[in-house]
Amino acid sequence: MKKIVILGATGTVGRKIAKILLEEGKHQVKLVARNPNKLQDFEALGAEIILGDVNDVKTLTEAFKNADSVFLILPDNVKAENTRAYQRRVTGNYIEAIQKSGIKHIVNMSSLGSHMHEGNGMMAGTGEQEVRLNQLEDVNVIHIRSAYFMENWLRTVGLVKSKGINGTAAVGEHAIPMVATQDVAKVAAAHLSNLDFTGKSVQPVMGPRNYTYTEFTKLIGKAIGQPELPYVQIPVEQAKQIFLGNGFSEDFVDNLLEMALAVKDGIFNYQKRDASTTSPTTAEAFIADTYLPIYNQQ
């Protein structure tokens, strides 16, 4: 029986990892969260819920002690006035907790594009985190470099319904790997429970194939009965004002948009695709199983 700690258990990937491990019924699972009320269903499955966040080194250290593995994720902070400084501080907190606790196996949530350290927006922070975790001695770390989440398309459901278009600030015709988060969670959960990694390594999870934003939009359109649904590249300044209107800090928005604009430069296309990096869930399956139910609810 492995003792496993999961950070970000209320998030898109962390919640799925927790569900997988708890349903296996053979692990002691600790979930660290700022809002334990969102995890009551997991508590009923036997999880230990710990109140804490990425800034609470003492709580993180205690949670990591005597654990077999830990899942780390660098959470977004939409209010951060300096996104890179925030990311750097969180990474420092993780490293301090790792060193003080003696934990030996870390599964770190990263992203395609993290091989670069500038010009890639949010991914510059995950790239730096990879490098810093790699400096730890006698700690095994595997970085899960995920493709673009298919779940990101759920954020534009309102646009599709209200305007009859789909769009982001990224170009429509550049194909990139896209992945369902369930596939990412399965890979991470397996590493957390099997402890099948040593040293420092990278595990890309790239979905079944590459899709353009326009192609993915057409698949959405077909599913919702609007086969001519267009993909529109939203002008940067317009996109920025939308994000700022939602209360995001300007620096956070600038990082988001830098990442989107860099899609055309291939930031998500660096990693080689082969059998070990390809995961099964297609866009069609994701749209049918996840997108449509949410679309129909709104």
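Parameters and conventions
- Residues numbered from 1 in each chain as written.
- Predicted model: local features only at pLDDT ≥ 70, side-chain atom pairs only at ≥ 80, totals over all residues.
- Heavy atoms only, no water.
- Helix = DSSP H or I, 4+ residues; strand = E, 2+ residues; numbered from the N terminus.
- Buried < 20%, exposed > 50% of the residue type's maximum accessible area, 1.4 Å probe, protein only.
- Lys, Arg positive; Asp, Glu negative; His and termini not counted.
- Salt bridge = Lys/Arg side-chain N within 4 Å of Asp/Glu carboxyl O.
- Polar contact = N/O pair within 3.5 Å; in protein donor to acceptor, adjacent residues only side chain to side chain.
- Contact = heavy atoms within 4.5 Å.
- Core = buried A, V, L, I, M, F, W, Y, C linked by side-chain atoms within 4.5 Å.
- Expected span 1.5 Å × (residues − 1).
- Pairing = 2+ DSSP bridges.

Peer 1: In this structure, what is going on with the side chain of D183? I would like to understand it.
Peer 2: The topology assignment puts D183 in helix α7 (residues 181-194). In this structure, D183 is buried with no salt-bridge partner, the nearest side chain bearing the opposite charge being K186 at 4.7 Å. At 2.9 Å, the side chain of D183 forms a polar contact with the backbone nitrogen of T281. Setting aside residues up to four positions removed in sequence, D183 forms contacts with V205, S279, P280 and T281.

Peer 1: I'm lost on the nonpolar core in this one. Help?
Peer 2: General note: in soluble globular proteins, nonpolar side chains tend to be found buried as a group. By size, the foremost hydrophobic cluster in this structure holds 71 residues, and its most contacted members are I6, I17, L31, F216 and Y291. Residues contacting I17, with those up to four places away along its chain left out, are I6, F71, A185, A188, A189 and L192.

Peer 1: So what exactly am I meant to see when it comes to the pattern of salt bridges here?
Peer 2: Between side chains of opposite charge, a pair can form as their charged atoms come close. This model, assessed by the stated rule, comprises 10 salt bridges. Between K65 and E62 there is a salt bridge; the shortest N-O distance is 3.1 Å. A salt bridge links R209 to E215; the shortest N-O distance between them is 2.5 Å. On the basis of relative accessibility, which here comes to 26%, the residue E215 falls in the partly exposed class. Each of the salt bridges in this network shares a partner with another, and the network as a whole consists of R88, E128 and R132.

Peer 1: Explain helix α8 (residues 213-224) to me, please; I cannot follow it from the model alone.
Peer 2: An α-helix turns once per 3.6 residues; consequently, residues spaced three or four apart project the same way. Between the first and last C-alpha of α8 there are 17 Å, a value that for 12 residues agrees with the 16 Å anticipated at 1.5 Å per step. If you check which residues of α8 are buried, you get Y213, T214, F216, T217, L219, I220, G221 and I224.

Peer 1: Please explain α7 as it appears in this structure.
Peer 2: Helix length check: α7, at 14 residues, gives a terminal C-alpha distance of 20 Å against a target of 20 Å (1.5 Å per residue), a fit within 8%. Those residues of α7 not exposed but buried are T181, D183, V184, A185, A188, A189, H191, L192 and S193. Looking one or two places after α7, you find L195, whose phi comes out positive at around 50 degrees.

Peer 1: In this structure, what is going on with the sheet that holds strand β11 (residues 210-211)? I would like to understand it.
Peer 2: Pairing between sheet strands relies on hydrogen bonds along the backbone, with the strands arranged either parallel or antiparallel. Taken together, the 3 strands give an open sheet; going across it, the order is β7-β9-β11, and neighbouring strands pair in mixed fashion. Every interior strand has two partners, whereas the edge strands, β7 (148-149) and β11, have only one. Relative to strand β9 (residues 176-179), β7 is paired through 2 bridges, and the arrangement is parallel. When the bridges of β9 are listed, F149 appears paired with V179.

Peer 1: Help me out: how do you make sense of the side chain of T156 in this one?
Peer 2: Examined against the element boundaries, T156 turns out to sit in the loop between β7 and α6 (157-163). Classification of T156 as buried rests on a relative accessible area of 10%. Once you skip the residues sitting within four places of it in the chain, T156 turns out to touch N166 and G167.

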